[in-house]
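The residues making up each chain are set out below.
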Amino acid sequence: MTLIDYMDHVQHLLAGMAPEPSSAPPGLQDPGVGEAPPGVGDKVLTILKWVAYLATAACVGGVLYSAGKMALAHRRGDDTNVSQLGWVFAACILIGSAFSIVSALI
């Protein structure tokens, strides 16, 4: 059930009416959360683990790169690289919470 279908159902319940049948075209069914084809699920999970590892390594590299730039800029008397570090931290937060974000949206 999608969010819109759920909202329609709640609206009908609040109005005291019975919910209408699904407005999906005939022959179209709700796919639900899905199921991986046999033999493919483990391979997809392996690829996702590699991507997560590379993204985490990129975050560590980004923090080190930003810290190095900040150290050089501080030596020159410039403090303009703080926003770059903020963007790297935002990326770290998104990568760290990617599973939770996607789970909440599905």
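Everything quoted here is computed from the prediction, not taken from an experiment.

### Brief notes about the overall build of the chain
- Helix and strand counts for the chain come out as four helices and zero strands.
- The buried share of the chain, reckoned over its 106 residues, is 8%.
- With an accessible surface of roughly 9100 Å², the chain has 69% of that area assigned to carbon and sulfur atoms.

### Focus on the confidence of the model for the chain
- Across the chain, the average pLDDT comes to 77, with 70% of residues at or above 70.
- Mean pLDDT in the chain bottoms out at helix 1 (residues 3–14), which sits at 67, and peaks at helix 2 (residues 41–76), which reaches 87.

### Section: the state of the cysteines
- Summed over all chains, the structure comprises zero disulfides.
- The structure places no disulfide on Cys 92, whose sulfur is separated from the nearest cysteine sulfur, that of Cys 59, by 3.5 Å.
- When its relative accessible area of 26% is taken as the criterion, Cys 92 is described as partly exposed.

### Regarding the environment of Gly 86
- Looking at the secondary structure, you find Gly 86 in helix 3 (residues 82–96).
- Gly 86 sits 23 residues away from Val 63 along the chain, and the two C-alpha atoms are 9.5 Å apart.

### Things to note about helix 2
- With 36 residues, helix 2 should reach 52 Å at 1.5 Å per residue; the first-to-last C-alpha distance of 52 Å fits that figure.
- Among all positions of helix 2, only Cys 59, Gly 62, Ser 66 and Ala 73 are buried.
- Buried residues along helix 2 sit against helix 3.
- Gly 77 lies just past helix 2 and shows a positive phi near 90°.

### Some details on the side chain of Ser 66
- Mapped onto the elements, Ser 66 comes out in helix 2.
- Beyond its immediate stretch of four places on either side in the chain, Ser 66 contacts Gln 84, Leu 85 and Val 88.

### What to know about a nonpolar patch on the surface
- A contiguous nonpolar patch, built from Val 40, Val 44, Leu 45 and Leu 48 and spanning about 330 Å² of accessible area, is present on the exposed surface.
- On the secondary structure map, Leu 48 appears in helix 2.

### Re the packing of helix 2 against helix 3
- Between helix 2 and helix 3, the least distance of the axes is 9 Å, while the angle of their chain directions is 165°. By the angle between their directions, the pair helix 2 and helix 3 is classed as roughly antiparallel. For the pair helix 2 and helix 3, the sense of crossing is left-handed. On helix 3, the residues touching Ala 55, Thr 56, Cys 59, Gly 62, Val 63, Tyr 65, Ser 66, Lys 69 and Met 70 of helix 2 are Val 82, Gln 84, Leu 85, Val 88, Phe 89, Ala 91, Cys 92 and Ile 95.
- For the contact of helix 2 with helix 3, the per-class residue count stands at twelve nonpolar, four polar and one charged.

Cut-offs and rules
Residues numbered from 1 in each chain as written. Predicted model: local features only at pLDDT ≥ 70, side-chain atom pairs only at ≥ 80, totals over all residues. Heavy atoms only, no water. Helix = DSSP H or I, 4+ residues; strand = E, 2+ residues; numbered from the N terminus. Buried < 20%, exposed > 50% of the residue type's maximum accessible area, 1.4 Å probe, protein only. Areas by Shrake-Rupley, 256 points an atom, 1.4 Å probe, with all protein chains shown as cover. pLDDT = per-residue confidence, 0-100. Disulfide = S-S within 2.5 Å. Expected span 1.5 Å × (residues − 1). Contact = heavy atoms within 4.5 Å. Patch = residues over 30% accessible without salt bridge, like charges linked within 9 Å, V, L, I, M, F, W, Y side chains within 5 Å. Salt bridge = Lys/Arg side-chain N within 4 Å of Asp/Glu carboxyl O. Axes fitted to C-alpha atoms, helices over the stretch in contact; angles between N-to-C directions. Parallel < 35°, antiparallel > 145°, perpendicular 65-115°, else oblique. Left-handed = near helix turned anticlockwise from the far one by under 90°. Nonpolar A, V, L, I, M, F, W, Y, C, P; charged D, E, K, R; others polar.

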